[in-house]
Structure formats: C-alpha cells, structure tokens
Amino acid sequence: MSNDPLLQPFRLRHVTFRNRLMSTAHEPAFTEDGLPKARYRLYHAEKAKGGIGLTMIGGSAVVSPDSPQAFGNILLYKDESVRWLAELADDVHEKGAAVMIQITHLGRRTNWNKGDWLPVLSASATKEPAHRASAKAMEDWDIERVIADYAEAAAKVNAAGLDGLEVEAYGHLLDQFWSPLTNKRDDEYGGSLENRMRFSMRVLEAIRERTGPDFLLGARMVCDEDLKGGIDKAEGLEIARRLKASGLIDFVNVIRGHIDTEEGLSHVIPGMGARSGPHLDFAGEVRAQTQVATFHAARIQDVATARHAIETGKLDMVGMTRAHMADPHIAAKIAAGEEHRIRPCVGMGYCIDSIYSGQAVCIHNPATGREATIPHVVEPGTGPAKTAVVVGAGPGGLEAARVLASRGHKVTVLEAAAEAGGQVRIAAGLKRRREILGIVDWRLAECERLGVAFRFNTYAEADDVLALAPDIVVVATGGLPDTGFLEEGEDLALTGWDVLSGAARAEGDVLLYDDNGAHPGMTAAEFVAESGARLEIVTPERTLAPDVGGTSFPAYFRAFGKADAAVTLNLRLTGLKREGNRLVARFHDEYGRREVEKRADRVVVEAGTVPLDDLYFALKPLSTNRGAVDMAAMIEGRRQDVRTEPEGRFQLFRIGDAVAGRNIHAAIFDALRLLKDL
C-alpha cells in the first residue's frame, strides 16, 4: 500500500472509496433525451479506468418537470433513467470506482420557456439575475409534490445500484429556502433558521425513508454565500451542524459563494489567474467545526494541492473535477510514479463555458467526452515506423508530433520561431493567462520523452521538408492576423500579437476593435487596460465577446471596470487614416445606416486569422492524397487512408489555423483524430 495520502482508502458506511480522489458532480451536457446513455457512461467509465476513487455524476440531475434542463441535465423524473443509470453504475463499479449522483430541483435557476413551459418555483416570488425568470412562490401543494419527487428520484437512484447521492443546495431550491435573500415567507417555512431549513429537512427525511440506512446521502451545500444579506459563515456552519446532528446525511460537499450572477459564479468556480484552492481553508474549517465527512472542489487542479488538502486533514475526499477532464488517469499515474506525466488543467474554463454552447470539452484533451471514438492514450502502431515531418510547433503541431511519435514514427518538427507555442505563447503575454503555457509545456515534455527532434529558427520551404524524405507531412503553420478587410490604412493598424508580444506599445488613447468575439481580443484589451492606456473597445457585435463563456469573461470585465474602459457596440471598422500624430478610424453603423469616425493614438485590430498555407499548396501536388481528407472517417474516428496519386511521395495533412482560423481545441482535435491510427 502506498503511503501517498491521496491513495489511502476512505470508508463511509458500507462504501469504501479506493482513494481520496473524486470528480464532483457537473453536467457535461452529454445526455440524450435527458438520459445518461452511452456517451455519458463512457465519459465516467474512463475516469474509473484511470483509477479515481469516486465519480459523481449528474450535476443538477432534476427531480421534477417544473425544473427543466438548464444545460442538458439528467431528467430523473423519467422512469427510463433507471436503466441507463444502472448500466453506468455497473461499468464504473467493474473498473473499481464508486459512483454517486447529485439530484436537485433548480428552483428559480432555470427558465420557464423550456421543457413543458411550467412556472419557475422558489421559496418566494423572486427573480434570479442570471436566468431572469420570475419565480412563483411555492404553495403548500407544490411543497408536498416536490418533496415526493425528490424521494421518488432517490428511489430510482438506489434501484439503479449507485452508491449514494447528494442533494444540491447552492443556488438551487433547497438553499433558496435557506437564504434570507430568497426566502421572504411568513409561514412555517420562513423566518427563523429552523423554519427556513424545514423544507430541506423534510426532503432529506423523505429520501432516507425511501433509500434505507445503508445508502450514502450528502449535501453539496453553500456554507457562506459571501453576499450581503445572505447566508454568512456563521449561519452556514450552523446549517451544516444541524444537518450532521439530524443523522440524515453522511457528508457535506462545501461551497463558498453565490451563483446567481456570472461574476459570483466566477468566484465559486475560479478560473485562470485565480489562486489555487481559494476556498480550501474554509472547507477545512467546516470539517473541523462540524466533524462531518467533508468533500470539496474549487480550482484544486494540481496533485500537490490535492495531497496537501488530505494530508493536513482539511478534506476527506478532494475534488479534482476539471483536472480529470484534462486527464482522467490522474490516480493511475500517481500510483505508477508518473505524476509528472499528468496532462495539466490550465484553468481556462473552456470545459464549463462550452456547456452552454453545446457540450463540455477540455481545451486541450479532445478525447474527453468522445471516448467512443477518440482514445485518451494513443497506442503504438503495429506496422513499420515511418518518417514524419511536422511544420509548426503551435498546439496543433505539438499534438501532431506527440501522436505520431506515440504511434512509433520518427518525427521531426520544423518551427520558424525560436521556441514552441505559437499563438498560445502570445496569449501568455498577459500575466493572468500564463498558465495557458501548460498546454505547450506538457506536449514538449511528452515529445522529448518520445524522441521527437525539433529544429527551431527554421522557416520551412518545400525543399526543407522534402530533404527529410518524409512518409507523412503535417502542415501546422497556423495563420496570420487578419487586417485585409480594411478598405484603407491596413499598415496603420496594430494587432493583438503586436501588443502582447511587446513588438509595439499601445499607449495614449487606444481603440481596440474586436471582430473575433473570443479570448484573443479580450486578452489584448486586458493587456492594454493594465498598461495605463485610455482604452475604448469597439465591436460590430450586439454584445461584447459573445464567444467568451460565463466563468471567463468576468475577469476581463473586472480589468475593464478598473481601467474605466469604454465599450461601443454595433460598429464595423472599415478603414484607418492618419491625421497628424493621431489616427482616424472609420466605422459603419449597419443599424443606423451611418458612418462614424473615432480618433485615437493607436488602433489595435483583432479579427481572427487567415491561413498561412503557402507551404501546404507547394507540397500538395507531391502528396499521395493531394491533401484530401476522408471526412466521414475523420468524423467517425477511423483511419485516414486516402490514396489518389500512387506516384505521390507522402501523405499530407493540414491542421488548425493553417486550414481556417479557429481555436486551440480545434487544432489539437484535428491532429489527434487525423493521425491517431497512422
């Protein structure tokens, strides 16, 4: 038995977790028809395969029809859920892990115009800022009905063979009764703390009655809303004590903060630039004062912090949820003495932010959520080793090199710059986002382990590639900032690359034009704001940075607020011209059908990238596949085997921004699914 604190077992009632690592409940939006079918099962089974002690499924699995999905939640009120939960539980158990589920009624934290279009419920008639839905104050019959729904959902979970469940009580219905901010009732469910806890106590009693004494039951609960007039630390601790004293629960999963606004949510789920484990000491205090088994997760993304949490007795089970999306095999690597090989969570928040636009994916692990077709571990090939050349050492190129070398091929990377990283290194020019370099550093370490050769300061031409006699060529040359849309004055524009790399200073009155709507423009804007310049951000969109998610944009907006930056919407930049020592920027207002001029000392343009693809087109006639990709095979995760020219010298692939301007995840995903079977 290892002496590592993280690898020690932990027992609750009849269940023994094989180690102290857990993935807390979160909803990746992998459900189909509200049910946790194959994709959902494989996602959690991979973590069990990777050695985790406990995986908690069903972030906010809902118990009632008037708690409609906010983002793909499991619909536990459907009878069919039992079958799919049972399949998932069996798979996870076979791989040695425990599995639990989080259940809830969302209360006011959803929208009335979803699902069956039923009124949103809460303790009182209030409105949540994040969802803007006006809640109906629950009547007596609503209370009885919802309690019964909780009990029925718990019975289904028990019947499916899961090890237990936790009720969600932060920002949802149960703690909407707890909080004085959302509970204005004057009946037996309002006023005193005992009254405000009455509904949740009845829910827990009903669950325990249906599931029996051996079923694990806990609460993921807010112990301090960190909000004026809300549940404070003293009251939160008292709620936890009363839950423990009731004998109804076996553990608490500690939350600090509030999630009714996106700014609040960004502190409950801290992202890039926040300190590690910001609420860990608080969770440890809850454990010390309540003597109840304590779980917690909030930006505990590295093994050292997780180990500290267990070793110092702050937690009984430590949640590394986003970290397991980056690498579901954390426990196995620790046990094998390969902790240094864990793919790091860089805190970018792409996983949770992408839920609202589709389904959760990790910024640099494309296998997460795609386990049916994409492997987390690239296995060595069975055929002869080939010679491969990768041109470009950005994230896509590094992934291509890693995958090809993992297959057993001899790989050489040609990179024009003096070091690897591409646009990732540019983004890291903003100090708050330096963690993003973990995407590069991990791949460089893996490439070194696999024997990949690098040639830096090499601007590769076709002859340079051909001289290496390759069997496989991957063009990952990326793109260049797009300023070609300007009708005049293209030479007067700075780009975000110029500013972040230090090639140019943005000082005085700076106008930053963002027609990309994602992180690059906001990263450059935050850099400018912090430099002391007077910043105005202009965008043709009707909102600022529409592709930056809800947990990520608050950090940018805090910087803009601190710098008193101005924001102008609905203007499209058409040209620049010089006026003395200043610049005049011309805009078109499509709605007002007018032309607008703004003056500044510097104009920074962020409009995405255009492919740097000359090398690809030079090599294309010499390749066996003429650069063609079997799109069906790419989608389905099958081997690429296009052979259109028998006289060609090599297979040719183009990935990432060298194809079209996209993002880090797209470039890495291109590389992995195109090359994993070669």
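About the cut-offs
- Residues numbered from 1 in each chain as written.
- Predicted model: local features only at pLDDT ≥ 70, side-chain atom pairs only at ≥ 80, totals over all residues.
- Heavy atoms only, no water.
- Helix = DSSP H or I, 4+ residues; strand = E, 2+ residues; numbered from the N terminus.
- Rg over C-alpha atoms; globule rule 2.2 N^0.38 Å.
- Buried < 20%, exposed > 50% of the residue type's maximum accessible area, 1.4 Å probe, protein only.
- Areas by Shrake-Rupley, 256 points an atom, 1.4 Å probe, with all protein chains shown as cover.
- Lys, Arg positive; Asp, Glu negative; His and termini not counted.
- Charge placed at Lys NZ, Arg CZ, Asp CG, Glu CD.
- Salt bridge = Lys/Arg side-chain N within 4 Å of Asp/Glu carboxyl O.
- Pairing = 2+ DSSP bridges.
- Axes fitted to C-alpha atoms, helices over the stretch in contact; angles between N-to-C directions.
- Core = buried A, V, L, I, M, F, W, Y, C linked by side-chain atoms within 4.5 Å.
- Contact = heavy atoms within 4.5 Å.
- Patch = residues over 30% accessible without salt bridge, like charges linked within 9 Å, V, L, I, M, F, W, Y side chains within 5 Å.
- Polar contact = N/O pair within 3.5 Å; in protein donor to acceptor, adjacent residues only side chain to side chain.
- Left-handed = near helix turned anticlockwise from the far one by under 90°.
- Nonpolar A, V, L, I, M, F, W, Y, C, P; charged D, E, K, R; others polar.
- Phe/Tyr/Trp six-rings, centres within 6.5 Å; stacked < 30°, edge-to-face > 60°.
- Expected span 1.5 Å × (residues − 1).
- Arc of directions from axis to C-beta.

- You'll find the protein chain entered in an unreviewed UniProt entry as NADH:flavin oxidoreductase, with Antarcticirhabdus aurantiaca given as the organism.

### A word on the overall build of the protein chain
- Helices and strands together make up the secondary structure of the protein chain, namely 23 helices and 27 strands.
- Against the globule reference of 26 Å for 678 residues, the protein chain gives a C-alpha radius of gyration of 27 Å, in line with a compact fold.
- Over its C-alpha atoms, taken along the principal directions, the protein chain stretches across nearly 80 × 65 × 45 Å.
- Within the protein chain, buried positions represent 61% of all 678 residues.
- On the protein chain, roughly 26,200 Å² of surface is accessible, and the fraction owed to carbon and sulfur atoms is 48%.
- Computed over 81 positive and 96 negative side-chain charges, the inter-centroid distance for the protein chain is 2 Å.

### Considerations on the pattern of salt bridges
- This structure, assessed with the given rule, holds 53 salt bridges.
- Between E579 and R599 there is a salt bridge, and its shortest N-O distance comes to 2.8 Å. A residue pair is termed long-range when its members are at least 10 positions apart, and E579 in strand β22 (residues 572-579) and R599 in strand β24 (residues 594-600) qualify at 20 residues.
- Given the relative accessible area of 40%, R599 is considered partly exposed.

### Here we look at the sheet that holds β24
- Pairing is antiparallel in the open sheet, where 3 strands are placed in the order β22-β23-β24. Among the strands making up the open sheet, the edge pair consists of β22 and β24. Between one strand axis and the next, the sheet turns through 25 degrees on average, direction left out of account.
- As judged from the 7 bridges shared by β22 and strand β23 (residues 582-589), these two strands associate in the antiparallel manner. Across the sheet, E579 pairs through a bridge with R582, a residue of β23.

### Considering the nonpolar core
- With 103 residues, the main nonpolar core has I101, L165, F199, M221 and L243 as its most contacted residues.
- Here this core takes 9 residues from helix α3 (residues 140-160), the largest share from any one element.
- Once you skip the residues sitting within four places of it in the chain, I101 turns out to touch M56, I57, G58, A61, I74, L76, L85, V157, L162, G164, L165 and E166.
- One finds A400, V411, V474 and L675 within the second-largest nonpolar core, a separate group that totals 42 residues.

### Some remarks on a negative patch on the surface
- Residues E461, D463, D464 and D614 make up a contiguous surface patch of negative charge.
- Its location among the elements puts D463 in helix α17 (residues 462-466).

### Topic: the sheet that holds strand β14 (residues 410-414)
- Overall, parallel pairing links the 5 strands, which are arranged β15-β14-β13-β16-β27 in an open sheet. Strands with a single pairing partner mark the edges of an open sheet, and in this sheet they are β15 (453-455) and β27 (651-654). For this sheet, the mean inter-axis angle between neighbouring strands, taken without regard to orientation, is 15 degrees.
- In the packing of helix α14 (residues 395-406) onto the sheet, contacts are made with β13 (387-391), β14, β15 and β16 (472-475), and the angle to β13 comes to roughly 170 degrees.

### Section: the side chain of S354
- With respect to the helices, strands and loops of the structure, S354 is situated in helix α13 (residues 350-355).
- Judged by relative accessible area, which is 8%, S354 ranks as buried.
- A distance of 3.3 Å separates a polar atom in the side chain of S354 from the backbone nitrogen of V361.
- Beyond its immediate chain neighbours, meaning those up to four positions away, S354 contacts Q359, A360 and V361.

### Brief notes about the packing of α3 against helix α6 (residues 198-211)
- Axis separation between α3 and α6 bottoms out at 8 Å; the angle between their running directions is 35 degrees. For the pair α3 and α6, the sense of crossing is right-handed. Contacts between α3 and α6 involve I143, E144, V146, I147, Y150, A151, E152, A154, A155 and N158 from the former and F199, R202, V203, A206, I207, R210 and T211 from the latter.
- Considering only residue class, the contact of α3 with α6 consists of 11 nonpolar, 2 polar and 4 charged.

### A word on the packing of aromatic side chains
- On inspection of all chains with the given rule, the structure shows 12 aromatic pairs.
- With a centroid separation of 6.1 Å and an interplanar angle of 55 degrees, the aromatic rings of Y513 and F587 are classed as tilted. Of this pair, Y513 sits in strand β19 (residues 509-514) while F587 sits in strand β23, and the two are 74 residues apart along the sequence. Across the pair, exposure class does not vary: Y513 and F587 are buried alike.
- Ring geometry for Y616 versus F617: centroids 4.9 Å apart, planes at 80 degrees, classification edge-to-face.
- Of the residues examined, Y616 reaches a relative accessible area of 5% and is grouped as buried.
- The exposure class of F617 is partly exposed, given its relative accessible area of 42%.
- Each member of the aromatic cluster is reached from another via a ring pair, and the members are F177, Y189 and F199.

### Overview of helix α7 (residues 233-246)
- With 14 residues, α7 should cover 20 Å at 1.5 Å per step; its first-to-last C-alpha distance of 20 Å lies within 8% of that length.
- Among all positions in α7, only E235, G236, L237, I239, A240 and L243 are buried.
- Of the residues flanking the end of α7, it is G247, one or two places downstream, whose phi is positive at about 75 degrees.

### Observations regarding the side chain of R108
- Of note, R108 is situated in the loop between β5 (98-104) and β6 (121-122).
- Filtering out sequence-adjacent residues up to four positions away, R108 remains in contact with V120, L121, S122, T126, K127, E128, P129, H131, A135, Q176, T182 and D260.

### Quick look at unusual backbone geometry
- Notably, S60 is not glycine yet its phi reads approximately 65 degrees, a positive angle.
- Positionally, S60 belongs in strand β4 (residues 54-62).
- The phi angle at N457 is positive, at roughly 55 degrees, despite the residue not being glycine.
- You can see N457 is positioned in the loop between β15 and α17.
- Judged by its relative accessible area of 58%, N457 is exposed.

### Looking at the environment of S246
- As for its position among the elements, S246 is in helix α7.
- Taking C-alpha positions, S246 is 8.5 Å from M201, a pair spaced 45 residues apart along the chain.
- A polar atom in the side chain of S246 sits 3.1 Å from the backbone nitrogen of L248.

### As for helix α2 (residues 81-94)
- Helix length check: α2 (14 residues) gives 20 Å between terminal C-alpha atoms against 20 Å at 1.5 Å per residue, within 8%.
- Buried within α2 we find S81, W84, L85, L88, A89, D91 and V92. Along the axis of α2, the buried positions cluster into a sector of 165 degrees, meaning they face one direction only. Of the exposed residues in α2, the ones pointing more than 90 degrees away from its buried face are R83 and E94.
- Residues of α2 that are buried make contact with α1 (38-49), β4, β5 and α3.
- Remark: G96 follows α2 within two positions and exhibits a positive phi of approximately 95 degrees.

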